[in-house]
Amino acid sequence: MTRDEATDLQEAVGAALTERREFFRTEGVHREDGTYEVSRRGADSAGNSKVFESFEALTRMFDRLPDEFTADDVGRTGITGSRRHMLVRHFAEHPQFDCGISHRNPLTAEKTCEERASDDAELVDAIAD
């Protein structure tokens with residue numbers, strides 16, 4: 001393999017390991033070291049980002065949040081300041097997380113899990129019978 005071919009391969013591997021995904025107000029980056037960074041879209045300071053040990057760590061945090069959650073609920077996990085609101089928005093924007101913004105003031109997201117919806121439908125059917 002030539003030096004140029006090796007350089008091209010190294011760049012391709014680096015690009016595969018680092019994936020940036022932009023949403024409306026936030027963006028997420030899967031970094032080469034396995035961490036996952038959530039930041040405000042277009043922001044350039046560390047005050048506008050939060051780095052997680054992995055994407056799975058962020059997913060576990062989401063799973064521990066109540067069915068309807070606010071920035072205060074996110075803050076109970078130790079995240080402070082405007083990062084709390086940023087994470088509420090990121091959860092609502094990222095397709096991996098089954099939730100959406102239900103109120104703007106205070107900023108509130110609501111999980112829209114399909115399993116809960118089917119459980120609710122079964123309950124309604126049982127009551128109707």
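Cut-offs and rules
- Residues numbered from 1 in each chain as written.
- Predicted model: local features only at pLDDT ≥ 70, side-chain atom pairs only at ≥ 80, totals over all residues.
- Heavy atoms only, no water.
- Axes fitted to C-alpha atoms, helices over the stretch in contact; angles between N-to-C directions.
- Helix = DSSP H or I, 4+ residues; strand = E, 2+ residues; numbered from the N terminus.
- Parallel < 35°, antiparallel > 145°, perpendicular 65-115°, else oblique.
- Contact = heavy atoms within 4.5 Å.
- Nonpolar A, V, L, I, M, F, W, Y, C, P; charged D, E, K, R; others polar.
- Pairing = 2+ DSSP bridges.
- Polar contact = N/O pair within 3.5 Å; in protein donor to acceptor, adjacent residues only side chain to side chain.

Q: Hey, could you go over the packing of helix H2 (residues 55-64) against helix H4 (residues 83-93) for me, with residue numbers and the actual values?
A: Interaxial distance between H2 and H4 falls to 12 Å at its minimum, and their mutual angle equals 95°. Between H2 and H4, the crossing angle belongs to the class labelled roughly perpendicular. Facing Leu 58, Met 61 and Phe 62 of H2, the residues of H4 in contact are Leu 87, His 90 and Phe 91. Among the residues making up the contact of H2 with H4, the classes are represented as 5 nonpolar, 1 polar and no charged.

Q: I'd like a description of the sheet that holds strand S2 (residues 26-30), backed by residues and values.
A: The 4 strands lie next to each other as S1-S2-S3-S4, forming an open sheet whose pairing is antiparallel. Of all the strands in the sheet, just strand S1 (19-22) and strand S4 (49-52) have a single pairing partner and so form its edges. The average undirected angle you get between the axes of adjacent strands in this sheet is 15°. Judged from the 4 bridges that link them, strand S3 (residues 36-40) and S4 form a sheet pairing that is antiparallel. Bridge pairing links Val 38 to Lys 50 in S4.

Q: Lay out unusual backbone geometry in plain terms, naming residues and giving numbers.
A: A cis amide bond links Asn 105 to the next residue, Pro 106, at an omega of -5°. Among the structural elements, Pro 106 can be located in the loop between strand S6 (99-104) and strand S7 (107-111).

Q: Provide a residue-level description of the side chain of Ser 49, including the pertinent values.
A: Mapping Ser 49 onto the fold places it in strand S4. Separated by 3.4 Å, the side chains of Ser 49 and Glu 37 make a polar contact. Beyond its immediate stretch of four places on either side in the chain, Ser 49 contacts Glu 37, Val 38, Ser 39, Arg 83 and Met 86.

All quantities given are derived from atomic positions and should not be read as evidence of function.
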